[in-house]
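# Commentary on secondary and tertiary structure
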Amino acid sequence: MGQRYESQPYEVLQSMDDLEIRYYPPAMMAKTNANTGNPFSTLFRYISGSNQNREKIEMTTPVYMYPEDGTSAMEFVLPKKYMEKDAPAPSESNVEIYQSEPGYFAAVSYGGYSNASKVKIHTDRLMGEIQKHKLKAISNPVVLSYDSPYKVMNRRNEILVEISYATTE
């Protein structure tokens, strides 16, 4: 039986070799960093009801992971219903709820379990593709993970970087 989680929507605007150019609309996000312990556990407590409403929030994909100020940060995408109604306020001060800005991103995918060396390999691959296609990166790379740690086969990971992208409409 496959995992069925709501996934953050995006539109693929262009595919170039190994690279996808995507448009991401705004989404509600829950964010924390590793200064205060295990980021996954902190966010999992928030969606499990450790919030002002004691509301359980469904898990979604992907999970965002990235280095920030010498530590690592993690973000969960909140279900899209929270774009219309307020997400519950966190009980813990190290969880921030915010709406992401819409943007254009370049992405490469890779399988298996992610680790630091795979992240480096695929970040280098992404940055090489961005350079090859004369695109301009305007953010640091982010690692996206779509699968539970218990899923073994057909794992999906991505490296994403925001780019300066002009649409011709």
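That block above? That's the structure.
Read on for a plain summary of the structure. Values in this document were obtained by computation on a predicted structure and should not be read as measured data.

Time to look at the pattern of salt bridges. In this structure the tally under the stated criterion is ten salt bridges. Note that Glu129 and Lys132 form a salt bridge whose closest N and O atoms lie 3.7 Å from each other. Here Glu129 pairs with Lys132, and both are found in helix α2 (residues 116-132), just three residues apart, close to one helical turn. Across the salt bridge formed by Lys151 and Asp147, the nearest N and O atoms sit 3.3 Å from each other. We classify Asp147 as buried; its relative accessible area is 13%. One network of salt bridges, with partners in common, ties together Glu20, Arg22, Arg156 and Glu158.

Turning to the pairing of strand β12 (residues 157-164), a few remarks are in order. The side chains of a regular strand alternate between both faces of the sheet. With six of eight residues buried, β12 lies mostly within the body of the structure. The sheet contact formed by strand β10 (residues 136-137) and β12 spans two bridges and is antiparallel. Counterpart to Ala137 in the pairing with β12 is Ile163. Sheet analysis places strand β11 (residues 142-145) next to β12, joined by four bridges and oriented antiparallel. Residue pairing across strands places Leu144 opposite Glu158, the latter belonging to β12.

Criteria and thresholds
Residues numbered from 1 in each chain as written. Predicted model: local features only at pLDDT ≥ 70, side-chain atom pairs only at ≥ 80, totals over all residues. Heavy atoms only, no water. Salt bridge = Lys/Arg side-chain N within 4 Å of Asp/Glu carboxyl O. Helix = DSSP H or I, 4+ residues; strand = E, 2+ residues; numbered from the N terminus. Buried < 20%, exposed > 50% of the residue type's maximum accessible area, 1.4 Å probe, protein only. Pairing = 2+ DSSP bridges.

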